[in-house]
Amino acid sequence: MQAVLKTDGPLLVLAGAGTGKTKVLTTRLAYILSNGTARPWNCLVVTFTNRAANEMKERVRQFIGDTVNSVWLGTFHSICVKILRRFPERVGLKDNFTILGEDDQKRVIKKVLQDNGIDEKQYTPQAVLEKISRFKDKGLTVDKVVSEYKQNTTTLIYKEYQARLLELNCVDFGDILLYVLDILLKNPDILNEYQERFKYIMVDEYQDTNITQYLLLRLLSQKYRNICCVGDDDQSIYSWRGAEIENILKFNNDFPEAETIR
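For clarity, every value in this text was computed on a predicted model and none was experimentally measured. As a convention, each chain's residues are numbered from 1 in the sequence order in which they are written. In keeping with the model being predicted, local features are shown solely for residues with a pLDDT of at least 70 and side-chain atom pairs are shown and tallied solely at 80 or more, while totals for entire chains, interfaces and linings include all residues. Here the side-chain values reflect all heavy atoms present in the structure, with hydrogen atoms and water set aside.

Student: Before we move on, could you go through the packing of aromatic side chains and cite the residues and values that matter?
Tutor: Aromatic rings from Phe, Tyr and Trp, taking only the six-membered ring of Trp, are treated as a pair when their centres fall within 6.5 Å; an angle between ring planes under 30 degrees marks them as stacked, one over 60 as edge-to-face, and anything in between as tilted. Summed over all chains, the structure comprises eight aromatic pairs. Through a chain of ring-to-ring contacts, the aromatic side chains of W72, Y194 and F198 assemble into a single cluster. Two thresholds decide whether a charge sits over a ring: the Lys NZ or Arg CZ must be within 6 Å of the ring centre and within 35 degrees of the ring normal. The ring of W72 carries the charged tip of K82 above its face, separated from the ring centre by 3.8 Å. Geometry around F97 places R85 over its ring, the cationic atom sitting 3.9 Å from the centre.

Take a look at the structure:
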């Protein structure tokens with residue numbers, strides 16, 4: 001109950017699997033909207049799967065009806081696609097850009113390897129794609145990798161791969177988040193618009209965020225600092241996909257005034 005009623009200021013809720021963490025978020029969102037604390041479009045709720053997002057939406061609908069449709073509730077990727085669709089030109093894309101699946105990404109990498117005479121047995125498209133995905137999980141754009149890392153075959157492929165995607169007016173899933181982070185960092189007017197919009201931010205399974213997701217949340221929450229993250233600090237089932245358990249461990253460093261509820 002305490003986690004539901006504390007609506008102002010940063011809040012970290014820590015609990016194990018199956019203890020009702022998601023229910024805390026849905027009840028908290030319903031409470032904020034039902035008592036008029038915020039308008040639906042001022043609430044951002046992010047989770048990791050479409051299934052989880054749909055379940056959360058249906059739970060909240062039981063409390064407040066179709067008002068929930070105006071909440072920014074979805075996965076990190078679905079939220080960021082909405083922003084990227086508004087400002088594609090800020091990162092060199094055109095309207096109606098295409099989101100590539102894994103097979104298409106591998107085809108682009110394979111072409112890069114062939115055009116640069118790189119041995120596919122030594123640098124398989126799958127392995128290269130995984131390394132590029134880890135760069136993006138860590139918030140590392142091509143420019144950062146080129147300027148801060150020792151140049152090698154992988155960084156060359158990353159640079160060529162990104163150039164090809166722009167030529168094709170395509171993005172991969174890592175780009176969706178990384179491009180939005182880039183837009184917010186380089187365009188104070190856009191950052192201010194979304195900081196002003198999202199007065200209340202709620203995050204499910206916070207222990208599974210990667211660095212790019214962490215940076216996005218930290219940026220967006222700076223104005224009102226009403227961010228509630230729920231998670232389990234003893235597990236991180238997505239670490240193989242770039243999740244950083246340290247994100248949940250340093251929440252109180254980022255928000256010294258935060259309250260923690262176990």
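Student: Residue-level account of the pairing of strand β2 (residues 43–47), with values.
Tutor: Summary of the burial criterion: residues with accessible area below 20% of their type's maximum are buried, those above 50% are exposed, and those between are partly exposed, where the area comes from a 1.4 Å probe applied to protein chains only. Only DSSP runs of H or I with at least four residues qualify as helices, and only runs of E with at least two residues qualify as strands; both kinds are numbered from the N terminus onward. Of all five residues in β2, five are buried, a share of seventy percent or more. Residue alternation in β2 divides its side chains into two sets, C43, V45 and T47 and L44 and V46, and both sets are buried. The rule for pairing is simple: two strands pair if DSSP sees at least two bridges between them. Alignment of β2 against strand β6 (residues 200–203), held across four bridges, turns out to be parallel. For V46, the partnering residue across the bridge sits in β6 and is V203. Sheet topology note: the β2/strand β3 (residues 72–75) ladder contains four bridges and is parallel. Paired with T47 across the bridge in β3 is T75. The handedness rule is simple: strands pointing away from the viewer, and a clockwise path from the first strand over the helix to the second, make the crossover right-handed. The β-α-β motif built from β2, the intervening helix α3 (residues 50–64) and the parallel element β3 has right-handed crossover chirality.

Student: I'd like a description of the side chain of D175, backed by residues and values.
Tutor: Relative to the elements of secondary structure, D175 occurs in helix α9 (residues 173–186). One polar contact links D175 to Q162, side chain to side chain, over a distance of 3.1 Å. Once residues lying within four places of it in the same chain are set aside, the contact partners of D175 are K136, Q162, L165 and V180. Pairs of N or O atoms are called polar contacts if they sit within 3.5 Å, as long as, within protein, a hydrogen donor faces a hydrogen acceptor (for residues adjacent in sequence, only side-chain-to-side-chain pairs). Pairs of residues are marked as contacts when any of their non-hydrogen atoms sit within 4.5 Å.

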